[in-house]
Amino acid sequence: MKLSFEFFPPRTQEGKKNLAQVRKELSVINPEYFSTTFGAGGSTQDATLETVLDIQKNDDIPAAPHLSCIGSEKEKIIQLLNQYKSAGINRIITLRGDIPSGVRDIGDFHYANELVEFIKSEYNDHFHIEVAAYPEMHPQSKNIQQDIKHFVNKVNAGADGAITQYFYNADAYFKFVDDVQKHGVEIPITPGIMPITNYTQLLRFSNMCGAEVPRWIETRLRSFDDDMESLRAFGLDVVNSLCDQLKSQGVDSFHFYSMNKANPSLQLAKNLK
Ligand code: FAD
């Protein structure tokens, strides 16, 4: 069973201390790697680099940076990848990202497939390249057929694996995998798993990224009001069942959106192991 955990780069001293503790707690399950997200602004990008290098140096778990290309120049991407390469990093989560509102210059890349192609051409097979997949469709896509076609382009550009946006409906994942395999895709498609611990936050994220929270789950979550303990117990139950369902149908690799918290993902991961 391959397990990986995703963090966002902390920016305060307290956040850094918290993340160091979270990494320690998650390390006991022997994950394949720890990934760190990459923001569209300058200071968040520095924080990503700092977190990634800290993980790579101080943890026994390999670090995998996310890298988004929109708004970036080739030269800047090379500079960053060279730093990662010299630190011994060999896995990158490769994304387009979203251009911040008000920014006009989209830079040297339009879509993630161009970044995949660029990394392959500059570094051959040094980096294991993961790309994003959307079982419920990327929110900016016109239709699922177009989205699948664009996903297949990323794979053909050289992606070695994919991680999905989170979902709570296993059928969406299996249908997506089935569809892309019909287009010749053979790379592993790892489900992205989002623990449920907070109603408002989950709804906000889901609205932004186009992930569906099924009505029956939303109704239940809303009914808990301020009873966070019951909400978390229900959330754990729902996501455990989802993971069990995926595992029982042959999925052997899971990526957890940890939100820089150890316990929710750790409980799910331990259940899987
Ligand atoms: P792409 O694959 O480029 O696709 C973007 C959209 O363009 C899709 O609708 C696609 O269908 C369409 N498209 C692709 N090619 C073409 C073409 N040739 N012509 C027309 N349309 C096309 N964001 C961050 O900013 N930082 C992160 O660290 C981060 N990590 C993520 C990790 C995972 C596992 C996932 C699933 C998402 C992550 N995101 C992150 C979010 C991601 O950046 C956004 O979803 C973004 O809008 C799309 O990125 P992409 O790499 O999927 O883009």
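Definitions and limits used
- Residues numbered from 1 in each chain as written.
- Predicted model: local features only at pLDDT ≥ 70, side-chain atom pairs only at ≥ 80, totals over all residues.
- Heavy atoms only, no water.
- Helix = DSSP H or I, 4+ residues; strand = E, 2+ residues; numbered from the N terminus.
- Rg over C-alpha atoms; globule rule 2.2 N^0.38 Å.
- Buried < 20%, exposed > 50% of the residue type's maximum accessible area, 1.4 Å probe, protein only.
- Contact = heavy atoms within 4.5 Å.
- Areas by Shrake-Rupley, 256 points an atom, 1.4 Å probe, with all protein chains shown as cover.
- Lys, Arg positive; Asp, Glu negative; His and termini not counted.
- Charge placed at Lys NZ, Arg CZ, Asp CG, Glu CD.
- Pairing = 2+ DSSP bridges.
- Right-handed = clockwise from strand over helix to strand, strands pointing away.

S.K.: Hey, could you run me through the overall build of the chain in this one?
M.R.: Across its full length, the chain holds ten helices and eight strands. Since a compact globule built from 273 residues should have a radius of gyration of about 19 Å, the 18 Å found for the chain is in line with a globular shape. Expressed along its principal axes, the backbone C-alpha trace of the chain runs to roughly 50 × 45 × 40 Å. Counting the 273 residues in the chain, one finds 51% classified as buried. In the chain, the proportion of contacts linking residues at least 24 apart, taken out of those at least 6 apart, comes to 78%. Total accessible area computed for the chain in this model is approximately 13,800 Å², and 46% of it derives from carbon and sulfur atoms. Charge separation in the chain, taken as the distance between the mean sites of 28 positive and 35 negative side-chain charges, equals 1 Å.

S.K.: How do you make sense of the pairing of strand S7 (residues 189–193) when you look at a structure like this?
M.R.: Each regular strand carries side chains that alternate between the two faces of the sheet. Counting buried residues along S7, five of its five residues qualify, which places the element largely inside the surrounding structure. Sheet topology places strand S6 (residues 161–166) next to S7; three bridges connect them, and they run parallel. Opposite Ile-163, over in S7, you have Thr-190 as the bridge partner. Chirality of the crossover, the property in question, places the unit of S6, helix H6 (residues 170–182) and S7 among those that are right-handed. The pairing of S7 with strand S8 (residues 253–257) spans two bridges and is parallel. For Gly-192, the partnering residue across the bridge sits in S8 and is His-255.

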